[in-house]
Amino acid sequence: MAGHSHRSSIKNGHKGFKSRHSSKGALKRLYKGKVEKIGGDGNGSSKSNKVLTKLQRKNAARQLRDQKMASTIEMKKLFEGGNGAEKIVTIIPLASDVSAADVFKGLLLSVECQDKEDGWELDQPFVKDVHIKSFKSNLKFIRPDMDNFMNILDSAKVADFVVFGLSGTSEVDPEYGEQIIRALELQGIASYMGVVTNLSAVHAKEKFQLDVKQSLESYFRHFFPSEQRIYNLEKPSDSVNALRTLCQKFPRSVQWRDNRGYMVANEVNFIERDSEFGELMITGTVRGIGFHANRLVHIPDTGDFQISRIERISCSMRRKKGINDGLSALDDELHNSFESTEDRETLEEFAPNDAEMEQLSQEEFEYENLEAARYDDHGFLPGREQHTNRVKVPKGTSEYQAKWYLDDAVPMDDENEEYQTIGEDFDEGDDEDMDIDLQDAEEETMEDNERVTTEPMFVDLSAEEEARQLSEYRALEKEDREFPDEIELDPTESAIERLRRYRGLKNLHNCNWEVDEKDPQAPPEWNRLLRISNYRNTRAKILKEAKNDAQVIAGDRIKLYLKFPTRLRGAIGSPRHSVLAIYGLLPHEHKNAMVNLSIQRWEEYDKPVPSEEPLLVQCGIRRYKIQPLFSSASNSPNNVHKFESFLQPDTLSIATFFAPVDFTQSPAIYFKISPADPKGIELVGHGSFLNVDHTRILAKRVILTGHPFRFHKSVVTVRYMFFHPQDIEWFKSIPLFTKSGRTGFIKESLGTHGYYKATFDGRLSAQDVVAMSLYKRKWPRIAEPSWKF
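Residues numbered from 1 in each chain as written. Predicted model: local features only at pLDDT ≥ 70, side-chain atom pairs only at ≥ 80, totals over all residues. Heavy atoms only, no water.

Colleague: Residue-level account of the overall build of the protein chain, with values.
Modeller: Across its full length, the protein chain carries 16 helices and 32 strands. Residue burial in the protein chain is summarised as follows: out of 789 residues, 47% are buried. Nonlocal contacts in the protein chain, meaning residues at least 24 apart in sequence, comprise 76% of its contacts between residues at least 6 apart. (Helix = DSSP H or I, 4+ residues; strand = E, 2+ residues; numbered from the N terminus. Buried < 20%, exposed > 50% of the residue type's maximum accessible area, 1.4 Å probe, protein only. Contact = heavy atoms within 4.5 Å.)

Colleague: Can you tell me about the packing of aromatic side chains, naming the residues and giving the values?
Modeller: This model, assessed by the stated rule, comprises 19 aromatic pairs. Between F305 and F564 the ring centres are 4.8 Å apart and the planes differ by 35 degrees, which places this aromatic pair in the tilted class. Residue F305 is located in strand β11 (residues 303-314), and its partner F564 is located in strand β16 (residues 557-565); the two are separated by 259 residues in the primary sequence. Given the relative accessible area of 4%, F305 is considered buried. Each ring, one from F722 and one from F731, has its centre 5.6 Å from the other, and the planes form 10 degrees; the classification is stacked. By the burial criterion, F722 is buried, and F731 matches it. Three or more aromatic residues joined by ring pairs make a cluster, and in this case those are F164, Y192, F220 and F224. Over the ring of F709 we find R719; its NZ or CZ atom is 4.6 Å from the centre of that ring. (Phe/Tyr/Trp six-rings, centres within 6.5 Å; stacked < 30°, edge-to-face > 60°. Lys NZ or Arg CZ within 6 Å of the ring centre and 35° of its normal.)

Colleague: Give me the nonpolar core: which residues, what numbers.
Modeller: Nonpolar side chains tend toward joint burial in soluble globular proteins. Membership of the largest hydrophobic core comes to 78 residues, with the highest contact counts inside it found for I92, F164, L597, Y670 and F671. Non-local contacts of F671, meaning those with residues more than four positions away in its chain, are made with F149, M150, L153, L615, L616, I681, E682, L683 and V684. One finds A95, F104, L122 and L246 within the second-largest nonpolar core, a separate group that totals 29 residues. (Core = buried A, V, L, I, M, F, W, Y, C linked by side-chain atoms within 4.5 Å.)

Colleague: Talk me through unusual backbone geometry; I want residue IDs and the actual numbers.
Modeller: Non-glycine residue D301 carries a positive phi angle of around 60 degrees. Along the chain, the position of D301 falls in the loop between β10 (296-299) and β11. Accessibility expressed as a relative area gives 37% for D301, which makes it partly exposed. A positive phi angle, close to 70 degrees, is found at E612, a residue other than glycine. Here E612 falls in the buried class, since its relative accessible area comes to 17%.

Colleague: Which residues make up the pairing of strand β21 (residues 629-632), and what are the values?
Modeller: Going residue by residue along β21, you find L629 and S631 tucked away on one face and F630 and S632 tucked away on the opposite face as well. Two strands pair when backbone bridges link them, and β21 and strand β22 (residues 640-644) are joined in this way by two bridges, in the antiparallel orientation. Directly across from F630, in β22, lies its bridge partner E644. (Pairing = 2+ DSSP bridges.)

Colleague: Got a sec to walk through the environment of S253? Specific residues and values, please.
Modeller: For S253, the position within the fold is in the loop between α7 (236-248) and α8 (255-258). For the pair formed by S253 and S191, sequence separation is 62 residues and the distance between their alpha carbons is 8.5 Å. Within the local environment of S253, its side chain forms a polar contact with the side chain of D258, the two groups lying 2.7 Å apart. (Polar contact = N/O pair within 3.5 Å; in protein donor to acceptor, adjacent residues only side chain to side chain.)

Colleague: Tell me about helix α6 (residues 210-223), residues and numbers included.
Modeller: Residue pairs three or four apart in sequence face the same way in an α-helix, which turns once every 3.6 residues. End to end, α6 covers 21 Å across 14 residues, agreeing with the expected 20 Å (1.5 Å per residue, within 8%). When we look at burial in α6, the residues that qualify are K213, L216, E217, F220 and F223. One side of α6 carries all its buried residues, which in axial view fall inside an arc of 115 degrees. Every exposed residue of α6 that faces more than 90 degrees away from the buried side is listed here: D211 and H222. In this structure, the buried side of α6 is in contact with β5 (161-166), α5 (177-187), β6 (191-196) and α7. (Expected span 1.5 Å × (residues − 1). Arc of directions from axis to C-beta.)

Colleague: Please set out the side chain of R601 residue by residue, giving values where relevant.
Modeller: Looking at the element boundaries, R601 is found in strand β18 (residues 592-601). Exposure remark for R601: the relative accessible area of 9% places this residue in the buried category. Here the side chain of R601 touches L647 through a polar contact of 3.5 Å, landing on its backbone oxygen.

Colleague: A description of the confidence of the model for the protein chain should follow, citing residues and the corresponding values.
Modeller: With 75% of its residues at a pLDDT of at least 70, the protein chain reaches an overall mean of 78. Mean pLDDT across the elements of the protein chain bottoms out in strand β13 (residues 357-359) (35) and peaks in strand β17 (residues 581-584) (96). This model gives residues 355-392 a pLDDT under 50, and the stretch forms 79 contacts once residues within four places in sequence are excluded. (pLDDT = per-residue confidence, 0-100.)

Colleague: I'd like a description of a nonpolar patch on the surface, backed by residues and values.
Modeller: Together, L27, L30 and Y31 make up an exposed nonpolar region whose accessible area comes to about 280 Å². Here L30 lies in helix α1 (residues 24-31). (Patch = residues over 30% accessible without salt bridge, like charges linked within 9 Å, V, L, I, M, F, W, Y side chains within 5 Å. Areas by Shrake-Rupley, 256 points an atom, 1.4 Å probe, with all protein chains shown as cover. Salt bridge = Lys/Arg side-chain N within 4 Å of Asp/Glu carboxyl O.)

Colleague: Describe the side chain of D519, with residues and values.
Modeller: Position of D519 among the secondary structure elements: in the loop between α14 (495-498) and α15 (535-549). Under the relative-accessibility criterion, D519 is labelled buried at 11%.

Colleague: Go over the pattern of salt bridges, please, and point to the residues and values.
Modeller: Two side chains with opposite charge may pair up if their charged atoms get near one another. The final tally for this structure, using the stated rule, is 35 salt bridges. A salt bridge links D556 to R312; the shortest N-O distance between them is 4.0 Å. Within this pair, whereas D556 is found in the loop between α15 and β16, its partner R312 is found in strand β11, the two being separated by 244 residues in sequence. A single burial state applies to D556 and to R312, both of which are buried. Look at the salt bridges and you will find they share partners, linking D154, K157, D301 and R623 into a network.

Colleague: Could you give an account of the environment of R567, with specific residues and numbers?
Modeller: With respect to the helices, strands and loops of the structure, R567 is situated in the loop between β16 and β17. For R567, a relative accessible area of 69% translates into the label exposed. For R567 and F277, which are 290 residues apart along the polypeptide, the C-alpha to C-alpha distance reads 8.3 Å.

Colleague: How would you sum up the pairing of β16? Please name residues and give values.
Modeller: Looking along a regular strand, one sees side chains alternate from face to face of the sheet. When you tally the buried positions in β16, you get seven out of nine residues, the bulk of the element. As paired elements, β11 and β16 share seven bridges and run antiparallel to each other. Paired with S314 across the strands is R557, a residue of β16.

Colleague: Now, about a negative patch on the surface: what can you tell me, with residues and values included?
Modeller: Taken together, the side chains of D173, E175, E603, E604 and D650 present a region of like negative charge at the surface. Relative accessible area serves as the criterion here: at 57%, E603 is assigned to the exposed category. (Lys, Arg positive; Asp, Glu negative; His and termini not counted. Charge placed at Lys NZ, Arg CZ, Asp CG, Glu CD.)

Colleague: So what's going on with the packing of helix α4 (residues 149-157) against α5? Residues and values would help.
Modeller: At a minimum axis distance of 11 Å, the contact between α4 and α5 shows a crossing angle of 45 degrees. On the basis of their axis angle, the class for α4 and α5 is oblique. Here α4 runs over α5; the crossing is right-handed. Along the contact surface, α4 presents F149, I152, L153, A156 and K157, while α5 presents Q179, I180, A183, L184 and Q187. A per-class count over the contact of α4 with α5 returns seven nonpolar, two polar and one charged. (Axes fitted to C-alpha atoms, helices over the stretch in contact; angles between N-to-C directions. Parallel < 35°, antiparallel > 145°, perpendicular 65-115°, else oblique. Left-handed = near helix turned anticlockwise from the far one by under 90°. Nonpolar A, V, L, I, M, F, W, Y, C, P; charged D, E, K, R; others polar.)

Colleague: So what about α15? Which residues, and what values?
Modeller: Here α15 is 15 residues long and its end C-alpha atoms lie 21 Å apart, about the 21 Å a rise of 1.5 Å per residue gives. Next to the buried residues of α15 lie β25 (681-692).

Colleague: Could you give an account of the environment of E729, naming the residues involved and the relevant values?
Modeller: Relative to the helices and strands, E729 resides in helix α16 (residues 725-730). Linking E729 and K747, residues 18 residues apart in sequence, is a C-alpha distance of 10.0 Å.

This is how it looks when you write it as structure tokens:
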């Protein structure tokens, strides 16, 4: 027994020294530069992590599994059987030598199918219903108009599967094909598939086609990483597998689309009632959460319409098997027709304009004592406008609100004041020469303005002129980026007149700004907008109620009768040649409100995007022509945000305008109409619907800068900020700051050319710049529907 040991190893591992305190070297080796965060649970988080027992973990896993199984069963009952709902398949070729007709024929090459129409005309855009006998499934194939970018987006919006056609002989156009893919990703795509139809053109033998196919698969995975293969439709086996995937695979859900009812029309008939209105009868299969007869519906590029009645032709498998929670099986069979009632929603976009107005007495204000002009406790500048006519304000307006309602019009046009700068420093001895130059510049500006008003809206310029204007346009954006909000006053103009609407604030994010202040620039619809105090809770409540109150649910085949104007009869085309989608609107979604959308510039778009420039935005089911106001995506306690003159690259901003409410928080894609582009539009940016918030205030800032040229300790003489002593007295109470971080205030005016003394909290250098911030409120504009332009 010599040498026997019960140890599991021959290694002699000594125990470490047990000490209450570790040495510095031991701690350094342990953490290796890591910084330990102390939180509520000691691990850096503010919330304590609840430790679940084994039984609780198993119960949570079982609930998640049951939820997924119930969702799969519900989806299966929607599509199963010969009378199940059609799976909508949109075919989009990405190369010029690939046609949707070849993809359509390749998918149906090796199976027995039954077309529900007589004859196949595949040369033009089509919508075809096909029954696949071998897989007992119904498919609806859509071929969009590839020359119409918006039609491609609309066709993919309702699709359960998007089939992308690739080519083995030509590459995808990055300016068109790849932009389609990116736009569909931003819009939201359910399920997708890649196919190729012309690998035989590469080489006759299949083994020499393998490298090209692998290259196409790698390209397709770049955009869709979860898709591992593409299908060669020239091979019968791949064609059958691709069609089997379409028939048997359940599509993924697009949340913003499935949170409302929608339907793709199979048949459309117009029943004329009178010379003004008729009934548009649309037959189709319900998808999403369903429809209610008292709700409105939206047809893209046509408008919103009221429902007259809904007739159910056949029930879905979900309803037959007792999944519907609304009615019992007996009552459900008896109620196959639903009439709209008096409680149905109207087509009013704004609240009724029934506010009582009163006339104010005529008052005349004079500049009494300019030295006594001071800001109040909140930093607001009291009104000093001279009233020359009578003003109307709503009855019950407080004195504080009424004093900001100065006139019906603003005397100065300061929309482009950021760019009215003087080229050289002003010299006291050159007053006369400067006045002459400025008069000549004003005359030239007036001539240019008259010339612009007489020119047509679009002129095809030469390449040199287009390049010159683009360089000037980019120079404005560069100037705004390098010197944000800085303006320079003209020596001959009055700062009081030009900056009359601006006010001084001590702190933008800490001031008390009245939301409903009386501003002559406020749009007349401001008091008639829909106001939602808590968008998040309202959205959750409306979505829940809409799902429970639906009268027809997904899978039901219905006839939808709409109250339709006779003049729009020609806007509805044949549902056999182009997709006609009908979307149900949730409660209040027809009413206009102050909406906020996020926006981020497209990385490949390098042109400047100024605020208030006309853009075309597709937000979910709607499209608008908007002139958005950009603002910083900040989180301020008083909900006052800084207005941005340009949309900066690689920066998330907020676009604000007046438009109908959206309770599905849909994705937004921004375009710019460009006649020179082959698509007619250019992709500018992307974002999503954030909220409805009428209390969000957009404040435009301007910065007046001056040059310090005489120093005495902390007292500095400043010039070139103002040019008249009365302007200095008017803005005397506004605090000053410098680019180096010093703060100060105006002490006294010097002379008659706008010089003044200022006191700061420290010494300034000759290279420093003295500045003053002023703010005014920017009001959003109303969006126009896409079918009105």
